[in-house]
Amino acid sequence: MTGANYGSFIVRKKELLLDNVLQVGQSFRWVYNESSQEYVTTMKISGQYHVVLLKQVELNQDDESDLKNTIVQYATLGDTCDSKSLESHLMDYFRMDVSVENLYNKYWLPNDVRFKAHYPTGNRMLAQEPWETLVSFICSSNNNISRITKMCHELCRNFGTELKPEIDRDDTGSSHYTFPSSDDIVNKATEDKLRELGFGYRAKYIMETAKLLVEQKKANDFTDDSEYLLSVKDSSSYIELREHLMGYTGVGPKVADCVCLMGFRHDDVVPVDVHISRIAKRDYKFQVNKKSMENLRKQYASYPVTKKKINLELDLIRVMFVKKWGKYAGWAQGILFSNEIGKSSGATTNGDVKKRQLELDIQVKEETVENSDKIKRKK
DNA sequence: CTGCTACCTGCGCT
DNA sequence: AAGCGCAGGTAGC
């Protein structure tokens, strides 16, 4: 650990494994440093950004039982945050109030024999910042994890603010940036610039979403994107929140549900993508029930955006899984997804998730020049 | 309303 | 070795 004042907490391996949680398409901005075996990102902690370092080490390595403990060490670069605040922030971020093993024994295994094959291996849902979650998942549409990751970093590097902790830098010598606010994006970015940076058609989605957020914050007297979005959440049911989220360009039901689950702690929400849809039909013999479909249709009649964007069949799959898995159905989905698909997606064919090194600027710059040429030729 | 397509890009595979 | 297909979808007809 680079920080002089680091703290730590003990956690069971089956409850939290950083390699499983931070690198499998839930959060896109943690960078793994191979030589120090640490994860690094920037996080907003009570209004202030810090460079956060995490390292997980196994305790009692000869213990082969599933009670195996690990120690998670944490610090901020330059000790910009006291360890008490940092620890409570991390407890919150990792949702340590929830025991996956309890959920497994109480809700999932008794109601679904398929979960015999999905004993907890350290996967859990995070409580991420709503604004960052929204933008990240706008980037995720029809895309792969490694490019989504690259895009999130480009967003920070180009439109965020560089953090320069006074004391030592970490040994990668790399820079750290805040995640840009909607104002940052509106003021500094353009659709063309984003396209040059490799965002493709999502460039437009991001610009329009940021513009709308700026307006909404202004109209409702907020300065912080996540605080505004949280205020929407606090005065909304899940259906209303999803309706609001789908009001942003590039946000359909799948992206909105990811934001509800991973950004707003709607633990029972199951984002239905192609994989979950396939699993529902193949493994759970899902079939459309006309009557429940009509009921949903009626329920959504007064939600114009939902009515327009929702796919009732996929939404019925979501409802089926909530009934089966209970109030933490979203967590069940996360574990099932990552066990069945995560291994092969955004990863090499041998099933290893590639640990991400920070990719530096030289290569990126060359690509940017090529791309802008291509774009100009097209027009 | 359900059912198509087009859409950017980069990486793995042939 | 150039080319195809795909990646946790969404918008627009």
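In the nomenclature of an unreviewed UniProt entry, chain A corresponds to DNA-(apurinic or apyrimidinic site) lyase from the organism Tetrapisispora phaffii. Of the comments in the UniProt record for chain A, the one headed Sequence similarities (unreviewed entry) reads "Belongs to the type-1 OGG1 family."

Draft legend 1. Just the overall build of chain A, in detail. Along its length, chain A carries 17 helices and 7 strands. Sorting the 379 residues of chain A into buried and exposed places 50% on the buried side. Taken as a whole, chain A presents about 18200 Å² of accessible surface, with 49% of it coming from carbon and sulfur.

Draft legend 2. Region of the structure containing the sheet that holds strand E3 (residues 38-45). On the basis of which strands lie adjacent, the open sheet formed by 5 strands has the order E1-E5-E4-E3-E2 and antiparallel pairing. For this open sheet the edge positions go to strand E1 (7-12) and strand E2 (31-33), each flanked by a neighbour on one side alone. Taken over all neighbouring pairs, the strand axes of this sheet differ in orientation by 30° on average, direction set aside. Pairing of E2 with E3, which is carried by 3 bridges, proceeds in the antiparallel orientation. Bridge pairing in E3 places Tyr32 opposite Tyr39.

Draft legend 3. Helix H15 (residues 312-325), seen in detail. For H15, built from 14 residues, the straight-helix expectation of 20 Å at 1.5 Å per residue is met to within 8% by its first-to-last C-alpha distance of 20 Å. Taken together, the buried positions of H15 are occupied by Leu312, Asp315, Leu316, Ile317, Arg318, Met320, Phe321 and Trp325. The N-capping residue of H15, defined by a side-chain oxygen 2.9 Å from the backbone nitrogen of Glu313, is Asn311. Positive phi appears at Gly326, one or two residues downstream of H15, with a value of about 85°.

Draft legend 4. Seen up close, the pairing of strand E4 (residues 48-58). In this structure, E3 lies alongside E4, joined through 7 bridges in antiparallel fashion. Across the sheet, the residue bridging to Val40 is Leu53, located in E4. Counted along the chain from E3 to the antiparallel partner E4, the turn is 2 residues long, and its residue Ser46 has a positive phi close to 35°. Pairing geometry for E4 and strand E5 (residues 69-76), over 7 bridges, is antiparallel. Paired with Val57 across the strands is Ile71, a residue of E5.

Draft legend 5. Here's a closer look at the packing of aromatic side chains. In this structure the tally under the stated criterion is 16 aromatic pairs. Centre to centre, the rings of Phe28 and Phe137 are 5.6 Å apart; their planes meet at 65°, and the pair counts as edge-to-face. Of this pair, Phe28 sits in the loop between helix H1 (18-21) and E2 while Phe137 is found in helix H4 (residues 130-139), placing the two residues 109 residues apart along the sequence. The exposure class assigned to Phe137 is buried, which follows from its relative accessible area of 4%.

Draft legend 6. Spotlight on the environment of Leu134. Within the secondary structure, Leu134 is located in helix H4. With a relative accessible area of 0%, Leu134 lands in the buried category. Sequence spacing of Leu134 and Cys258 is 124 residues, and the spatial spacing of their C-alpha atoms is 8.3 Å. Ignoring sequence-local partners within four residues, the contact set of Leu134 consists of Thr209, Leu213, Leu229, Leu245, Tyr248, Val251 and Val259.

Draft legend 7. Region of interest: helix H2 (residues 83-93). Leu86, His89, Leu90 and Tyr93 are the residues of H2 that are buried. Along the long axis of H2, the arc covered by the buried residues comes to 100°, so they all point the same way. If you follow the buried residues of H2, they end up packed against E3, E4 and E5. A positive backbone phi angle near 55° is found at Arg95, which sits one or two residues after H2.

Draft legend 8. A look at the packing of helix H13 (residues 290-299) against H15. With their axes 10 Å apart at the nearest point, H13 and H15 run at an angle of 105° to one another. If you check the angle between H13 and H15, you find them roughly perpendicular. Residues Ser292, Met293, Leu296 and Arg297 of H13 touch H15, and the partners they reach there are Leu312, Asp315 and Leu316.

Draft legend 9. Region of the structure containing the environment of Glu87. If you trace the backbone, Glu87 turns up in helix H2. For Glu87, a relative accessible area of 25% gives the class partly exposed. Between the C-alpha atoms of Glu87 and Phe9, which are 78 residues apart in sequence, the distance is 8.3 Å.

Draft legend 10. Here's a closer look at the packing of H4 against helix H11 (residues 253-264). Two numbers describe how H4 lies on H11: the axes approach to 9 Å, and their chain directions differ by 150°. As the angle between them shows, H4 and H11 are arranged roughly antiparallel. As H4 runs across H11, the sense of the crossing is right-handed. Listed contacts from H11 to Pro130, Thr133, Leu134, Phe137 and Ile138 of H4 are Lys254, Val255, Cys258, Val259, Met262, Gly263 and Phe264. Of the residues that constitute the contact of H4 with H11, the class distribution is 9 nonpolar, 2 polar and 1 charged.

What counts, and at which threshold
Residues numbered from 1 in each chain as written. Chains lettered and ligands numbered in written order. Predicted model: local features only at pLDDT ≥ 70, side-chain atom pairs only at ≥ 80, totals over all residues. Heavy atoms only, no water. UniProt positions renumbered as here; feature names shortened; annotations may be inferred. Helix = DSSP H or I, 4+ residues; strand = E, 2+ residues; numbered from the N terminus. Buried < 20%, exposed > 50% of the residue type's maximum accessible area, 1.4 Å probe, protein only. Areas by Shrake-Rupley, 256 points an atom, 1.4 Å probe, with all protein chains shown as cover. Pairing = 2+ DSSP bridges. Axes fitted to C-alpha atoms, helices over the stretch in contact; angles between N-to-C directions. Expected span 1.5 Å × (residues − 1). Polar contact = N/O pair within 3.5 Å; in protein donor to acceptor, adjacent residues only side chain to side chain. Phe/Tyr/Trp six-rings, centres within 6.5 Å; stacked < 30°, edge-to-face > 60°. Contact = heavy atoms within 4.5 Å. Arc of directions from axis to C-beta. Parallel < 35°, antiparallel > 145°, perpendicular 65-115°, else oblique. Left-handed = near helix turned anticlockwise from the far one by under 90°. Nonpolar A, V, L, I, M, F, W, Y, C, P; charged D, E, K, R; others polar.

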